[in-house]
Amino acid sequence: MAPKVLSFFTDFFVYETAKSVVVKSWTVGIINRVVQLLIILYFICWVFMHEKGHQLRDTGIESAVMTKVKGLGNFSNRVMDVADYVVPSQGASVFSVITKMVITANQTQGRCPETDNKFKCSTDAQCIEKLGSHLGNGIITGTCLNNNVTNGTTGWCEIEGWCPAEDDKINVMAMKEVENFTIFIKNSIRFPQFNVTRGNFPSSLNHSYIQNCTNDPVNNPFCPVFKVGDILRSVNQSLDSITDNGGEIGININWKCNLDYDVENCKPKYFFTRLDAAFEHNTVSKGYNFRFAKYYQSEDGTEYRTLHKAFAIRFEIIVSGNAGKFNAVPFLINLVTAFTSVGLATVLCDIILLNFHKGADEYKAKKFEEVSGIVSQSGNNIPYQGSQASIKALEKTTNDSGTFSIGQQE
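The following paragraphs examine the structure supplied in this document. Worth saying up front: this structure is predicted, and the values here are computed from it rather than measured. (Residues numbered from 1 in each chain as written. Predicted model: local features only at pLDDT ≥ 70, side-chain atom pairs only at ≥ 80, totals over all residues. Heavy atoms only, no water.)

Judged by nonpolar contacts, the single largest core of 43 residues is most densely connected at Y85, I183, F191, I249 and F315. For this core, the secondary-structure elements that each account for two or more residues are strand 7 (94-113), strand 11 (182-191), helix 6 (228-234), helix 7 (239-245), strand 14 (247-258) and strand 17 (303-326). With seven residues, the single largest contributor to this core is strand 17. With residues up to four places along the chain from it excluded, the contact list for F191 reads D58, I61, V196, W255, C257, C266, G321, N322 and A323. Counting residues in each nonpolar core, the second largest holds 10 residues, with F119, C127, C163 and A165 among its members. (Core = buried A, V, L, I, M, F, W, Y, C linked by side-chain atoms within 4.5 Å. Buried < 20%, exposed > 50% of the residue type's maximum accessible area, 1.4 Å probe, protein only. Helix = DSSP H or I, 4+ residues; strand = E, 2+ residues; numbered from the N terminus. Contact = heavy atoms within 4.5 Å.)

Structure, rendered in structure tokens:
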């Protein structure tokens, strides 16, 4: 036990120093230089092509969005303006343009037949099974209301709620004029780290220009007015399909700014996506719709409402971006990292020489050598086990301390 403990301390308190061995091998030399070159090229691409590591970056973008829709449409022989079809009306970053509505007028609280086909019946027993159900237009009472009790014609279960019940299966024509509606977008952003504030259109634009322009990526890239038809075409969406069933469209405003240049070059780019594309071919829950009601009261105090089931195009404006500026500290850190990484080539070449090269034993003998703490006056060192006299002819000592050259082996 004692010798093992002594051996542990003896092996622990040793000093290792690098020893340079020059290996004249075409194969290993080429591998070494190729690996070093690849590491350097990777660093250049990382820094200059992707603009990472040499810039101080700010991804904490602050944003505010204001929108305004314009256009007139025709629905059920009525002229519709923005107050009729835009929800909500405050001009937020998320809003809906109603394209079709199923209207159920003059509803009052009471009892009436359900209109959903799930609640068809011929006997009370069939309705009793659904007693208390909240899945239809009202609460099922358990009574079956037949159209003709004498001949057993199928009827509907009775509900308690707003009557008459909504029938959303009726065919209603959509408002096709939505294609020509326009959306005005006012977006201001700020990069707090650099205290840079920008807007999505320059202050030089006058009122007349904004009133008449339409955004075009080539001819009018900074016009803040977007035509709904152009947006739908950019995402390959059918006007008939999206106006009939509704849908969700994303308007992406992307700010990517290099603040090493003039801040006036910090300008947005617009992209459009169909946000509900994953459900486009579903047979259930397809498109986008919602309900809202308008309430009023008669002179006798009876409360009425008009229920609207609205099919709409829901627009969501998404603002993203980042800004960057040259910074010496991350650049130097990456530079040092790159040159340090060049040493990986040496590690790879050592693995090849020590394990796969035909002169592996010779390389080991030259690379690893043990020297005692006491050097004899004659300077004759005891070579590391594995050093052989047979390789003396290939060994060339140099004036550099500890440097050996192994001759061409290939």
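So, on to unusual backbone geometry. A cis amide bond links V87 with the next residue in sequence, P88, at an omega value of -10 degrees. Assignment of secondary structure puts P88 in the loop between strand 6 (86-87) and strand 7. The omega torsion across C163 and P164 is 0 degrees, close enough to zero to call that bond cis. Tracing the chain through its elements places P164 in the loop between strand 10 (155-163) and strand 11.

Glancing now at the state of the cysteines. For the coordinates displayed, the defined rule picks out five disulfides. Paired by a disulfide, C112 and C163 hold their sulfur atoms 2.1 Å apart. As the torsion about the S-S bond is roughly -85 degrees, the C112-C163 disulfide counts as left-handed. Taken together, the positions of C112 in strand 7 and C163 in strand 10 put the pair 51 residues apart, joining distant regions of the chain. The residues C112 and C163 share a single accessibility class, namely buried. A sulfur-sulfur distance of 1.9 Å marks the disulfide that ties C257 to C266. One quick way to see it: the torsion about the S-S bond of C257 and C266 is about 60 degrees, and its sign makes the bridge right-handed. Take C257 and C266: they sit in the same class, and that class is buried. Going through the protein in sequence order and numbering each bonded cysteine, the pairs you get are 1-6, 2-4, 3-5, 7-8, 9-10. (Disulfide = S-S within 2.5 Å.)

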